[in-house]
Amino acid sequence: MYSLSILLVIIVIFCTFAITRSSTFSTEGELDWWQTAVIYQIYPRSFKDSNSNGIGDLKGIEEKAEYLKDLGIDAIWISPIFKSPMADMGYDVSDFKAIDPLFGTMTDFESLRDKLHSLGIKLTLDFVPNHSSDEHEWFIKSVQRIDPYTDYYVWQDPKAWINETTPVPPNNWIGPFEQSMWTYHSTRKQFYLHQFAEKQPDLNYRSKELVEEMINVIRFWLDKGVDGFRMDAIIHLVEDDRFLDEPVISNQTINGKPAYKAFDHIYTQCLPETYEMFRRFREVADSYKQKDGQTRLVMLEIGTMPTIENTMKFYGNKSHPIAHIPFNFYPLDDLRDTSSAQDFQTSINKWMDNMPQGQWPNWVLGNHDNFRIASRFDPSSVDMMNMFLLLLPGTPIAYNGEEIGMEDAKIRWDQTTDVYALGVGPLWYETFSRDPERTPFQWNASHHAGFSSIDGKTWLPVNPNYYRINVQAQKYNLRSHYNIYKNLIKLRSREAFRRGDFKMYTISDRIFAFKRNLSNEIYAIIMNLNNEEESVDIKNTIANETNGNFEIILVSENSEYEVGDKLNTSSEVFRMRPKSAIVLQSI
């Protein structure tokens, strides 16, 4: 009994102190451009329409280049602009070396490149190596067995025939769009593989000729002056050539059929050949740096389906590097409005604890495939989450519109354009649709939010809240999301945020904090995750590690504090409004 009492006292004492976690992040030598950059994703259909057809384009992006510069953006990544039938909004490419007329011409692209570079902004493109459109010349010739295109795609004979007209697919593989990965082609009399939509046949990386074609595509765009690529759907690049059934791990169904998540995708994800292929792509990018000393960035879109071990392999190693940035989707997938301080720390640790030594972290909180920050969390959390994204150690990848707190729009079934949503039907479409986060950018309170001057409808409807959530409304309000975002980017230029040490604190269940410091330059970011006001006591943690005297240098829009306020945290317990955040500097 005596021993149990002592144990209980120890537990109580332990629980009165905040849990801390340190990470040495100091980096020697000069940092490369992509390590100090804020990388900003532009979804081109929705950014700015220059020709009044209701769809954004390259000239529209160029028109807003000064906006990007003023915001402080260092590099942009543009979602696919290649020629495409648009069955999956450009991720079904029919010519990897041509600009789709919807977005403009090659001359328009070159003009945009020159404009961005004149402003000191890097340009990276979305590259889709896993598949093409079924309208690509390669696929048409592969269907006809015209060499060398015969084996450019993955073809297999039927496993059996139910009757004279009904072939059985080669195996049980189900794709991310919740459909069989196999479609029978009556002309070639074989099934072709498509891990995504039927109109997106998978390219065959066991074909040497195909590999050389795709390497030439990379060279083509690098010769055009792009500064790198974000490579899409990379875990699906190579499949096991035995074509065995994948193990069933659950009974989950969609519309009465086995769901994608019901299988363990051991034969269609992260095969050894996948890593080797992207290593070769990296070698091509690095060969251009050898010519002029400028890094061409390789970013890989991985998702969170693979194990953390398989994800980290995409960094490669010192002698055989693969990605500069394998996208870190853990915060995006893990964190929600109900997440605790411990949840935040755990999500960060997933990356920091597993990242190979000498590599560089990155953070993603939103993109064109996931609910926006203001909708996944809470509209009042926008500034707090942007502080989280932009002030963590490493490179943030941000999505257009998050700087003004854009929210997901409600899209009816009859307005739906997303192939993923259309494929699952009206019962499930809202669960899977990516349209709500893809609505047009909200520039001002005029017609179509200033996105387009078209008299009719834009390709997706503008969110009805554009009259109050737009750039123009926020530009001259010093406490707006827009200006807080600008100040966050400026803050990132300080050495402590570029290369300083990093330490996390769970001050309480709903108060998360982290510290960045380099020598005597010390900053603390305090976040109230609660939907209630909280008392914050950092006397035994951050204050104890400093002199306890801080000046507030940045606040969220909803904070009760002002920039310039002083806090003596060694003796004071201070209060914070719900979903608010502050940045402190030691004085």
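The structure under discussion appears in the preceding block.
This is a predicted model, so every value here is computed, not measured.

S.K.: Would you mind going over the overall build of the chain with me for this structure?
M.R.: When you go through the chain residue by residue, the secondary structure sums to 18 helices and 26 strands. For the chain, whose C-alpha radius of gyration is 25 Å, the value lies close to the compact-globule estimate of 25 Å for 587 residues. Considering only C-alpha atoms, the chain reaches an extent of 80 × 65 × 55 Å along its principal axes. Burial statistics for the chain: of 587 residues in total, 60% are counted as buried.

S.K.: Hey, could you run me through the packing of aromatic side chains in this one?
M.R.: Centre distance and the angle of the planes are the two values used to describe a pair of aromatic rings. Tallying each qualifying case throughout the model produces 45 aromatic pairs. Ring geometry for F327 and F329: centres 5.8 Å apart, planes at 85 degrees, overall edge-to-face. Judged by relative accessible area, which is 6%, F329 ranks as buried. Feature note: the residues F96, F127, W138, Y149, Y152, Y205, F229, F278 and F281 constitute an aromatic cluster, connected by ring pairs. For the cation-ring pair, R45 lies above W459, with the distance from its terminal atom to the ring centre recorded as 4.4 Å. The cationic tip of K122 hangs over the ring face of W33; the distance from NZ or CZ to the ring centre is 5.4 Å.

S.K.: Would you mind showing me how to read the nonpolar core here?
M.R.: As a rule of thumb, soluble globular proteins bury nonpolar side chains together. Residues I76, F388 and M527 are the most contacted members of the largest nonpolar core, which totals 120 residues. Among the elements that line this core, the one with the most residues is helix α7 (residues 208–223), at eight residues. Dropping the residues within four chain positions of it, M527 is found in contact with F344, M384, M385, F388, R510, I511, F512, F514, S580 and A581. One finds I526, L567, F574 and L584 within the second-largest nonpolar core, a separate group that totals 19 residues.

S.K.: Help me understand helix α8 (residues 272–292) in this model?
M.R.: The periodicity of an α-helix, 3.6 residues per turn, causes residues three or four places apart in sequence to face the same way. Taking 1.5 Å per residue, 21 residues should reach 30 Å; α8 reaches 32 Å between its end C-alpha atoms and fits that length. Buried within α8 we find T274, Y275, M277, F278, R279, F281, R282, V284, A285, D286 and Y288. As for α8, its buried residues are in contact with β6 (122–127), α7, β12 (228–231), β15 (297–300) and α9 (308–312). Two residues or fewer after α8 comes G293, characterised by a positive phi angle close to 80 degrees.

S.K.: Any chance you could explain the packing of α7 against α8 here in plain terms?
M.R.: Two packed helices can be described by the angle between their axes and the distance between those axes. Closest axis-to-axis distance for the α7/α8 pair is 10 Å, and the angle between their directions is 30 degrees. Relative to α8, the element α7 lies roughly parallel. Remark: the crossing between α7 and α8 carries right-handed chirality. In contact with V211, M214, I215, I218, R219, L222 and D223 of α7, α8 contributes M277, R280, F281, V284, A285 and Y288. In terms of residue class, the contact of α7 with α8 is made up of ten nonpolar, no polar and three charged.

S.K.: Sorry, what's going on with the packing of helix α13 (residues 382–391) against helix α17 (residues 481–491) here?
M.R.: At their nearest, the axes of α13 and α17 sit 10 Å apart, and the two run at 20 degrees to each other. By the angle between their directions, the pair α13 and α17 is classed as roughly parallel. Crossing handedness for the pair α13 and α17: right-handed. Across the interface between the two elements, V382, D383, N386, M387, L390 and L391 from α13 touch H481, I484, Y485, L488, I489 and L491 from α17. A class-by-class count of the residues in the contact of α13 with α17 yields nine nonpolar, two polar and one charged.

S.K.: I'm lost on the environment of N547 in this one. Help?
M.R.: Its place among the elements puts N547 in the loop between β22 (534–536) and β23 (549–555). When sequence neighbours within four positions are dropped, the list of residues in contact with N547 reads S570, S586 and I587. In this structure the side chain of N547 is engaged in a polar contact, spanning 2.7 Å, whose partner is the backbone oxygen of I587.

S.K.: Looking at this structure, how should I read the sheet that holds strand β7 (residues 155–156)?
M.R.: Whether parallel or antiparallel, the strands of a sheet pair through hydrogen bonds between backbone atoms. Pairing is antiparallel across the open sheet formed by three strands, whose spatial order is β7-β11-β10. On the outer flanks of this sheet lie β7 and β10 (182–185), each paired with one strand and no other. As defined by bridge partners, β10 adjoins strand β11 (residues 190–193) across four bridges and the pair is classed as antiparallel. Looking across to β11, one finds that T183 is bridged to Y192.

About the thresholds
Numbering of residues starts from 1 in every chain and runs along the sequence as written. With pLDDT at 70 or above as the cut-off, local features in this predicted model cover only qualifying residues; side-chain atom pairs require 80 or more to be listed or tallied, and sums for whole chains, interfaces and linings still use all residues. Hydrogens and waters are ignored; side-chain quantities use all the structure's heavy atoms. Secondary structure elements are defined from DSSP: runs of H or I of at least 4 residues count as helices, runs of E of at least 2 residues count as strands, and each element is numbered from the N terminus. For the radius of gyration, the atoms used are the C-alpha atoms, and the globule rule reads 2.2 Å times the number of residues raised to 0.38. Only protein chains enter the area calculation, which uses a 1.4 Å probe; residues under 20% of their type maximum are buried, those over 50% are exposed, and those in between are partly exposed. Each pair of aromatic rings taken from Phe, Tyr and Trp, with Trp reduced to its six-membered ring, is defined by centres within 6.5 Å and is described as stacked if the planes are under 30 degrees apart, edge-to-face if over 60, and tilted in the remaining cases. Lysine and arginine charges are scored as sitting over a ring when NZ or CZ, respectively, is within 6 Å of the ring centre and within 35 degrees of the ring normal. The set of buried Ala, Val, Leu, Ile, Met, Phe, Trp, Tyr and Cys residues whose side-chain atoms join them within 4.5 Å is what this entry labels a nonpolar core. Should any heavy atoms of two residues lie within 4.5 Å, those residues are considered in contact. Multiply 1.5 Å by the residue count of a helix minus one, and that product is the helix's expected span. Lines fitted to C-alpha atoms define the axes, with helix axes restricted to the stretch in contact, and inter-axis angles between N-to-C directions lie between 0 and 180 degrees. Should an angle lie under 35 degrees it is considered roughly parallel, over 145 roughly antiparallel, and from 65 to 115 roughly perpendicular; all remaining angles are considered oblique. If you view the pair so one helix is near and one far, a crossing is left-handed when the near helix is turned anticlockwise from the far one by less than a right angle, and right-handed when it is turned clockwise. The classification used treats Ala, Val, Leu, Ile, Met, Phe, Trp, Tyr, Cys and Pro as nonpolar, Asp, Glu, Lys and Arg as charged, and all other residues, Gly among them, as polar. By the criterion applied in these results, polar contacts are pairs of N or O atoms within 3.5 Å in which, for protein atoms, one can donate a hydrogen and the other can accept it, and in which residues neighboring in sequence qualify only through two side-chain atoms. Should DSSP find at least two bridges between two strands, the strands are regarded as paired.

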